[in-house]
2 protein chains.
Amino acid sequence: MWNHEPPSRADLLAARDRLLGVAHATPVLTCATLDRMAGARLFFKCENLQRVGAFKFRGAFNALAATPEEERGQGVVTHSSGNHAQALALAARLFGVPATIVMPRDAPAVKIDAVRGYGAEVVFCEPTPAAREAAAAEAVTRTGGMLVHPFDDARVIAGQSTVAQELLGEVAVTGPLEFLLTPIGGGGLTSGTALAAHHFFEGARVIACEPAQVDDACRSFASGRLEHNERADTLADGLRTSLSPLTFGIVRTHVHDIRTVSEEEIVAAMRLVWERMKIVIEPSAAVTVAVALRGLGPGNPRVGVILSGGNVDLDHLPWLQGKER
Amino acid sequence: MWNHEPPSRADLLAARDRLLGVAHATPVLTCATLDRMAGARLFFKCENLQRVGAFKFRGAFNALAATPEEERGQGVVTHSSGNHAQALALAARLFGVPATIVMPRDAPAVKIDAVRGYGAEVVFCEPTPAAREAAAAEAVTRTGGMLVHPFDDARVIAGQSTVAQELLGEVAVTGPLEFLLTPIGGGGLTSGTALAAHHFFEGARVIACEPAQVDDACRSFASGRLEHNERADTLADGLRTSLSPLTFGIVRTHVHDIRTVSEEEIVAAMRLVWERMKIVIEPSAAVTVAVALRGLGPGNPRVGVILSGGNVDLDHLPWLQGKER
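What counts and how
Residues numbered from 1 in each chain as written. Chains lettered and ligands numbered in written order. Predicted model: local features only at pLDDT ≥ 70, side-chain atom pairs only at ≥ 80, totals over all residues. Heavy atoms only, no water. Helix = DSSP H or I, 4+ residues; strand = E, 2+ residues; numbered from the N terminus. Rg over C-alpha atoms; globule rule 2.2 N^0.38 Å. Buried < 20%, exposed > 50% of the residue type's maximum accessible area, 1.4 Å probe, protein only. Contact = heavy atoms within 4.5 Å. Areas by Shrake-Rupley, 256 points an atom, 1.4 Å probe, with all protein chains shown as cover. Axes fitted to C-alpha atoms, helices over the stretch in contact; angles between N-to-C directions. Parallel < 35°, antiparallel > 145°, perpendicular 65-115°, else oblique. Left-handed = near helix turned anticlockwise from the far one by under 90°. Nonpolar A, V, L, I, M, F, W, Y, C, P; charged D, E, K, R; others polar. Pairing = 2+ DSSP bridges. Buried area = accessible area lost by both parts, 1.4 Å probe. Salt bridge = Lys/Arg side-chain N within 4 Å of Asp/Glu carboxyl O. Polar contact = N/O pair within 3.5 Å; in protein donor to acceptor, adjacent residues only side chain to side chain. Least-squares fit on C-alpha atoms with pLDDT ≥ 70 in both. Lys, Arg positive; Asp, Glu negative; His and termini not counted.

1. Let's talk about the overall build of chain A
Item 1. Per the secondary structure count, chain A includes 13 helices and 10 strands.
Item 2. Expected size for 325 residues packed as a compact globule is a radius of gyration near 20 Å; at 18 Å, chain A falls within 12% of this value.
Item 3. Along the three orthogonal principal directions, the C-alpha set of chain A runs to about 55 × 50 × 40 Å.
Item 4. Every one of the 325 residues in chain A was classed for burial, and the buried ones make up 58%.
Item 5. When contacts within chain A are restricted to residue pairs at least 6 apart in sequence, those whose partners lie at least 24 apart make up 72%.
Item 6. In the structure as shown, chain A presents an accessible area of about 12600 Å², 52% of it carried by carbon and sulfur atoms.

2. Quick word on the packing of helix α8 (residues 154-171) of chain B against helix α9 (residues 188-200) of chain B
All names here are of chain B.
Item 1. Between α8 and α9, the least distance of the axes is 7 Å, while the angle of their chain directions is 55 degrees. It follows that α8 is oblique to α9 by the angle criterion. Seen along the crossing, α8 lies across α9 with a hand that is right-handed. For the pair α8 and α9, the contacting residues are Ile157, Gln160, Ser161, Val163, Ala164, Gln165 and Leu168 in the first and Gly188, Leu189, Ser191, Gly192, Thr193, Leu195, Ala196, Ala197 and Phe200 in the second.
Item 2. Split into classes, the residues belonging to the contact of α8 with α9 amount to nine nonpolar, seven polar and no charged.

3. Quick word on the sheet that holds strand β3 (residues 76-79) of chain B
All names here are of chain B.
Item 1. Pairing in this open sheet of four strands is parallel, and the strands run β5-β4-β3-β6 from one edge to the other. Because the sheet does not close on itself, it has two edges, and the strands there are β5 (121-125) and β6 (146-147).
Item 2. One ladder, built from four bridges, connects β3 with strand β4 (residues 99-104); its direction is parallel. Counterpart to His79 in the pairing with β4 is Val102.
Item 3. Along the sheet, helix α7 (residues 129-143) makes contact with β3, β4, β5 and β6, crossing β3 at roughly 170 degrees.

4. Some points on the environment of Ala107 of chain B
All names here are of chain B.
Item 1. With respect to the helices and strands, Ala107 occurs in the loop between β4 and α6 (109-117).
Item 2. In this structure Ala107 comes out as buried when scored by relative accessible area, which is 11%.
Item 3. Along the primary structure Ala107 and Val214 are separated by 107 residues, whereas in three dimensions their C-alpha atoms are 20 Å apart.
Item 4. Residues within four places of Ala107 in sequence aside, it is in contact with Ser81 and Ile112.

5. Focus: the sheet that holds strand β7 (residues 179-183) of chain B
All names here are of chain B.
Item 1. Spatially, the six strands line up as an open sheet ordered β1-β2-β10-β7-β8-β9, and their pairing is mixed. With partners counted over all chains shown, the strands left at the sheet margins are β1 (28-29) and β9 (257-261), one partner each.
Item 2. The pairing of strand β2 (residues 41-46) with strand β10 (residues 302-307) spans six bridges and is classified as parallel. Within the sheet, the bridge partner assigned to Lys45 lies in β10 and is Ile306.

6. Topic: the interface of chain A and chain B
Item 1. Facing the 21 residues of chain A at the interface are 21 residues of chain B.
Item 2. For the chain A and chain B pair, buried surface summed over both sides reaches about 2100 Å², with 54% attributable to carbon and sulfur atoms.
Item 3. Remark: the boundary between chain A and chain B carries two salt bridges.
Item 4. Between Asp315 of chain B and Arg271 of chain A there is a salt bridge, and its shortest N-O distance comes to 2.9 Å.
Item 5. Where chain A meets chain B, there are 10 residue pairs in polar contact (both at pLDDT 80 or more).

7. A short note on the environment of Gly249 of chain A
Item 1. Tracing the backbone shows Gly249 of chain A in helix α11 (residues 245-254).
Item 2. Counting along the chain gives 58 residues from Gly249 of chain A to Ser191 of chain A, while the straight-line C-alpha distance between them is 8.9 Å.

8. Comments concerning the relation of the copies chain A and chain B
Note: a rotation about an axis with an accompanying shift along it relates these two copies of the chain.
Item 1. Its rotation angle being 180 degrees, the transformation that places chain A on chain B also includes 0.0 Å of axial translation and leaves an RMSD of 0.0 Å. Look at the turn and shift together and you get a two-fold axis relating the two.
Item 2. By residue overlap, the copies meet face to face through one surface: 100% of the interface positions of chain A are interface positions in chain B.

9. A look at the side chain of Lys278 of chain A
Item 1. Positionally, Lys278 of chain A belongs in the loop between α12 (263-277) and α13 (283-294).
Item 2. Buried and without a salt bridge, Lys278 of chain A has Glu282 of chain B as its closest oppositely charged side chain, separated by 6.7 Å.

10. Looking at the packing of helix α9 (residues 188-200) of chain A against α11 of chain A
All names here are of chain A.
Item 1. In the contact formed by α9 and α11, the axes pass within 9 Å of each other and the chain directions differ by 40 degrees. Taken as axis vectors, α9 and α11 run oblique relative to one another. Crossing angle aside, the handedness with which α9 passes α11 is left-handed. Contact with α9, carried on its side by Gly188, Thr190, Ser191, Ala194, Leu195 and His198, involves Thr247, Ile250, Val251 and His254 of α11 and no other residues of that element.

In C-alpha cells form, the structure reads like this:
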C-alpha cells in the first residue's frame, strides 16, 4: 500500500498546503525562566492550542484531504481512545463524511462525549489490542469506510510533519535550531518531525523524548530491532503505544537520539509549564520539557520543543494524586 | 499631585512608547466553542502571558519610566500581596533601584518568595488596611523611596491602558469591537481601558465586570457616590479592593456599564478557559469571561475580553475545593 512507504518531500509540502487556513498555525512561545533552568534558548511550539487540543488534527485532516473523493466518500474508521479519535471525528465532519471510532468499553465518558460531539459514531470493544483491531476491521467491512491509523500511515505522518515545518520556518528568522525535541509514542509525530528536519533544515538534530516506563523506542533504537512495551503505566497516556515498522524505519534513519525521563520529571515539567508559562499541557507534552530541563549541552543552544497537546482531566491533576478523595 | 489627575491622551501614547520591547505584546486568542456559547465573536487579550503573569507589569513599569531619575533614584515602595507587588519588584530591578514591598504577615509564602525573587525587600505588617498604609508611609520615610500605588496613580493607569491600545489596534484590521470587557477591582485597568477606548476607538463600549460579592463599583456607578465593600469573600482576590476617587471619576465618565457575576459563574468560566483554550487564568481574569457567557445581545457582536492574569495556586484549584484533604 502506498501509504506504508515514508512520505516524500513533496508529500510533506503538499500536507502543508492542504492544512493552510484549516489547522491553526499555532504560536511559538518563549519563557525566560525555563531558558535559565535549561541553559538553552527554548522555542515552544504550542500544539496544545491546535484544534481538538493536539497536533493529531493535522495528520487526520491530511489523510482525508490526500485521498481521492471516491475513496473517502464512505467515511473513515479508526480505533483510538485518545486525541486521534477526536481529530479524525472533526476532520470527517469537515469533509462531510461519516466517522466510526472504535473505543474501549472503559474509555472515560468525557472522551466518548467529545468524539460524539464532533458527530462521530462510537463503537465499543473490549479493552485489548486484538479486540479493537477486530472491531475496527468489522466497522470497515460494515461501513465501507477507510481505516486511518493513528500513526502507521504516510498521510498521517506527512500531516504531523507540518508542526516542525512551521516551527523551523518561524524561528529561522533569528537563526537555526540546533535541537528539536519531540515526544515519541507510535512515532507519527517523530517521523514527521525527523523528515521535516531532514528535508528542510538539515542542521536541526531531532531528539525523541520518551517516558522511561514505556521505552520501546529507546530500546528499538539501541538494538536495531522493533521492541515492544511490556507495560503501560505512564501518566503520558499518548505515548503508551509502540513503534510500527514504518515509523521505526524513519526513526532509525533520521532521529539523532532518544532520551527517557521518569514519571516524576514528567509531572514536575508539566507543572512548571502551567505555573510559569500559563498554558495547559498534558503529560505526554511535558516529556519534551523534561528532556530540555536535563540540559542539552554547553553553549546555550537554540532548541525547538514541541508541546504536543493539552487535553487533561482537570479533576485529576497528577501533582494532586493522593490529595484528592 | 499631578499623578492624581486622569492621564491625558498623550500620557497613554507615551506609556505605549515606554513599554515597547519591555512588556510583552501579548497574543489575542479566539475560541470557536466559547464564541458559540456566548453568541459573540470573542477576542481574548492574554495578559496571563504578560511578564510576572499579569497586566500589572505595565502600570508599574510606566510609573518608574515616567518619573525623572532624581525622583525615582531612591527606589520605590508599595503595599500589595498580589500581582502589583511582583510587578513593581521587577520594574524596580529593571531600573536598578531598590523596591520595598509591604505585605501582610499572613501572605502566602509563594508570593513572598516571588517578590524576593525579583530582589525586593519585603516588610511585614498586620493584615489591616490601616497597618499596611502606616507601614508603607514608614518605608517611604526610611528609604526615601517613591510610593507607587496599585491603581490610584495616573502613571499606573496610563500603563494599564496599553492593554486595550494593543487589543483594539490588533483586531481593528478585521473590524471594530462593539464591546470591551475588563475586570474591575480598584479600577486601574478599567480606567486605562476606558480612556483608551475613549481616545482611540470611540465605538467600543467598555463594560466593567465585577464579582457580585464585592460589588462596590457597581453600587458606586448606580448611586453616583463612592461606595465600599463590606466583605471580601470572593475567589477573585485581585478584585477585592474598592475604587478610589480618581478611578471612580474616570469610570463614571467613560464606562458604559458594570455587570456582576456569581462565584459559581467565575469558577465555571475559569475552568472552561483552561479546558477549551488550554491557558491558565486566575479567578479575577475569569470574571470577564463569565460576563461574556451571559450574552451581550443579538447580532453576534465582536467583543474584546481582557484576561488579566494567570497567577494561580496549582495546589488549590477552586473546582476541587472540598475534594482535597
